[in-house]
Amino acid sequence: MGIGTVTKTPYEITLNGGYSEEKKTSDEPLQMVILDADGKYMPDKGGFMVPINDHNVSKITVYYYPAASEEEFMAIQERYRDDDFEEFIKDKSTFQIQIDFGE
């Protein structure tokens, strides 16, 4: 699981998934969360389309973490707006991908 290609328009970022058996890090299912350059949560629409809105998108970071139980997933969602969410999700993540748009 990963990012194959990225397309950025003035309104949205579209991430196209990529998969490589050679780079596989785990057999467990993973979930992802996307943060902007300021570490703020960016809600996605349909998994790989992310509206830009008022986010700082000079770069984004995609964090992959083990799929949580429904209860754990709800607890993670409740933290999306917390000031320390970036540190929280870093600790839970199996790996991360940073995409720098060079702005």
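Residues numbered from 1 in each chain as written. Predicted model: local features only at pLDDT ≥ 70, side-chain atom pairs only at ≥ 80, totals over all residues. Heavy atoms only, no water.

## Brief notes about the overall build of the chain
Phase 1: Scanning the chain for helices and strands turns up two helices and six strands.
Phase 2: In sequence order, the chain lays out its α and β elements as β-β-β-β-β-α-α-β.
Phase 3: Sorting the 103 residues of the chain into buried and exposed places 31% on the buried side.
Phase 4: Just so you have it, the chain exposes about 6,500 Å², and 46% of that area is on carbon and sulfur atoms. (Helix = DSSP H or I, 4+ residues; strand = E, 2+ residues; numbered from the N terminus. Buried < 20%, exposed > 50% of the residue type's maximum accessible area, 1.4 Å probe, protein only. Areas by Shrake-Rupley, 256 points an atom, 1.4 Å probe, with all protein chains shown as cover.)

## Here we look at the sheet that holds strand E6 (residues 95–100)
Phase 1: A sheet is described by the order of its strands in space; here three strands give the open sequence E3-E5-E6, paired in antiparallel fashion. Where the open sheet ends on each side, the last strands, each with one partner, are strand E3 (30–36) and E6. When strand polarity is set aside, the average angle formed by the axes of neighbouring strands in this sheet is 20°.
Phase 2: Bridge analysis of strand E5 (residues 59–66) against E6 gives six bridges, and the strand direction is antiparallel. Across the sheet, tyrosine 64 pairs through a bridge with phenylalanine 95, a residue of E6.
Phase 3: Of the strands in this sheet, E3, E5 and E6 are in contact with helix H2 (residues 85–92), which crosses E5 at around 45°. (Pairing = 2+ DSSP bridges. Axes fitted to C-alpha atoms, helices over the stretch in contact; angles between N-to-C directions. Contact = heavy atoms within 4.5 Å.)

## Topic: the environment of aspartate 82
Phase 1: In this fold, aspartate 82 is placed in the loop between helix H1 (70–78) and H2.
Phase 2: In this structure aspartate 82 comes out as partly exposed when scored by relative accessible area, which is 34%.
Phase 3: Sequence separation between aspartate 82 and lysine 40 is 42 residues; the distance between their C-alpha atoms is 8.8 Å.

## Brief notes about unusual backbone geometry
Phase 1: Phi is positive for asparagine 53, which is not a glycine, with a value near 45°.
Phase 2: On the basis of relative accessible area, asparagine 53 is assigned to the exposed category, the value being 64%.

## Things to note about the confidence of the model for the chain
Phase 1: With 86% of its residues at a pLDDT of at least 70, the chain reaches an overall mean of 86.
Phase 2: Across the chain, H2 holds the top mean pLDDT of 94, while strand E1 (residues 2–8) sits lowest at 83. (pLDDT = per-residue confidence, 0-100.)

## Here's the deal with the side chain of aspartate 36
Phase 1: Looking at the secondary structure, you find aspartate 36 in strand E3.
Phase 2: Buried and unpaired, aspartate 36 has no salt bridge, with lysine 40 as the nearest side chain of opposite charge at 5.9 Å.
Phase 3: Within polar-contact distance, the side chain of aspartate 36 engages the backbone nitrogen of lysine 40 at 2.8 Å.
Phase 4: With residues near it in sequence (within four places) discarded, aspartate 36 still touches Met42, His55, Asn56, Lys59 and Ile60. (Lys, Arg positive; Asp, Glu negative; His and termini not counted. Salt bridge = Lys/Arg side-chain N within 4 Å of Asp/Glu carboxyl O. Polar contact = N/O pair within 3.5 Å; in protein donor to acceptor, adjacent residues only side chain to side chain.)

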